[in-house]
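Structural overview for review
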Amino acid sequence: MFYTTRPLLLHSRRRLPIEARTKLAQDRITLFDIPFDVPGRALSPSVWKTRYSLNYKRIPFVTQWVDLVDVEPLCKSLGIATLSNRRFDNRQLYTLPVIYDPKSNHIVSDSMRIAQYLDEEYPDPEYPPLIKKGTEGLTQGFIHARELALAPVHQFVVPLVAQRLHLSPRSQEYFRRTREMWFKVGNLEEILPDGDTRVVEWGKVKAGMDLIDSWYRAVGGTEGQSQQGWIMGGQPCFSDFNVAAALRWMKSVWGESSPEWSDVKLWNEGRWARMLDDCKAYENGVHL
Ligand SMILES: N[C@@H](CCC(=O)N[C@@H](CS)C(=O)NCC(=O)O)C(=O)O
């Protein structure tokens, strides 16, 4: 793998040993991401949370592409893991995003911890905050509730990732095998609902989006009719990027003119299409 193999330490933030530093850019942050065959290569929803975060704060970074199947060895070699108890096959699941920041010589994993790290190291007012001080717990609660609300969409997206988006052959095999284990099916296509089940399950996706929409409508007043696009009011924050990253993933995998996206973009008075449009401003990086 990239770096010397060290004993596994489960940290979500640590200083990088000296011998590993020389292999990474020293003039800007490195963001580790998984390459897919989509324009721009970046598709992973969790890594998009960090892309949006870095771009929103206008912090320059470079992407280091890591095959999906190499995420675990990379993280082990860096001595970094997400502190989640998510497991596959009784094993710790190693995930991206991970960043390396030469400014502090820290390596940080997990999109929420990265956002907190960026706010500490690149503070307000020079850099806009991702998570306002004092709202860390609320943000974590929002993210958890958002994940539960959108859980029904996975069955409509994950099989299509395997069918349409080509990873390297090793990663393609890994993606199918791990997701079949995750959903407890022999073949990933089994989870894609059809017929009457599809109607019922699609209704659950709509109910999830309606629930999230109700949180946005509550912003800024008691009327429940707010048209403001961001959950904290005037400016976007990490919670918004969490929603936008999920939407972006759905739209990229289904395709702009798919029946699925054609539905979603009309739901909730077009809120979701508008949100993705507004987030376009944070899609491209800052170049030195
Ligand atoms: N809570 C984590 C979740 C990260 C996550 O699930 N990342 C996926 C990519 S979207 C991953 O790296 N999966 C590795 C694998 O499936 O082996 C975060 O937001 O950082």
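Since we're looking at a predicted model, the values are computed, not measured.

1. Structural notes on the packing of helix α5 (residues 136-149) against helix α8 (residues 195-217)
Their axes nearest at 8 Å, the elements α5 and α8 cross at an angle of 150°. Compared by their axis directions, α5 and α8 come out roughly antiparallel. Where α5 approaches α8, its residues Phe-142, Ala-145, Arg-146 and Ala-149 are matched on the opposing element by Gly-208, Leu-211, Ile-212, Trp-215 and Tyr-216. Across the contact of α5 with α8, the residue classes break down as 7 nonpolar, 1 polar and 1 charged.

2. Considering the domain arrangement of the protein
Per the domain assignment, the segments making up the protein are domain 1 (13-130) and domain 2 (143-282). Look at where the C-alpha atoms of domain 1 and domain 2 centre, and you get two points 22 Å apart. Counting residues at the interface gives 28 residues for domain 1 and 31 residues for domain 2. When domain 1 packs against domain 2, the two sides together hide about 2,600 Å² of surface, and 68% of this comes from carbon and sulfur. One can count 2 salt bridges joining domain 1 with domain 2. With a closest N to O distance of 3.8 Å, Asp-67 and Arg-170 form a salt bridge.

3. Details of the pattern of salt bridges
The full count for this structure, using the stated rule, is 19 salt bridges. Of the charged contacts in the structure, one is a salt bridge between Arg-248 and Glu-283, with a shortest N-O distance of 3.0 Å. Separated by 35 residues along the polypeptide, Arg-248 in helix α9 (residues 238-254) and Glu-283 in the segment after α11 (271-279) bring together distant segments of the chain. A relative accessible area of 17% means that Arg-248 is categorised as buried. Each of Asp-67, Asp-70 and Arg-170 takes part in a single network of salt bridges with overlapping partners.

Cut-offs used in this document
- Sequence positions are assigned chain by chain, starting from 1 and proceeding in written order.
- Note on the predicted model: pLDDT of at least 70 is required for a residue's local features to be given, and 80 or more for side-chain atom pairs to be given and counted; whole-chain, interface and lining totals, by contrast, use all residues.
- Here the side-chain values reflect all heavy atoms present in the structure, with hydrogen atoms and water set aside.
- Only the stretch in contact is used when a helix axis is fitted, and all axes are lines through C-alpha atoms; the angle between N-to-C directions ranges over 0 to 180 degrees.
- Secondary structure counts use DSSP, requiring at least four H or I residues in a row for a helix and at least two E residues in a row for a strand, with both numbered from the N terminus.
- Angle categories: roughly parallel below 35 degrees, roughly antiparallel above 145, roughly perpendicular from 65 to 115, and oblique for all the rest.
- Two residues qualify as a contact provided that any one of their heavy atoms is within 4.5 Å of a heavy atom in the partner residue.
- Nonpolar residues are Ala, Val, Leu, Ile, Met, Phe, Trp, Tyr, Cys and Pro. Charged residues are Asp, Glu, Lys and Arg, and all others, Gly as well, are polar.
- Where each domain starts and ends follows an automatic or database-derived domain assignment.
- The buried area of a pairing is the accessible area, by a 1.4 Å probe, that goes missing from both parts when the two are put together, added over both.
- The term salt bridge refers to a pairing of a side-chain nitrogen on Lys or Arg with a carboxyl oxygen on Asp or Glu at a separation within 4 Å.
- The classification of residues rests on relative accessible area computed with a 1.4 Å probe and restricted to protein chains. Under 20% of the type maximum is buried, over 50% is exposed, and intermediate values are partly exposed.

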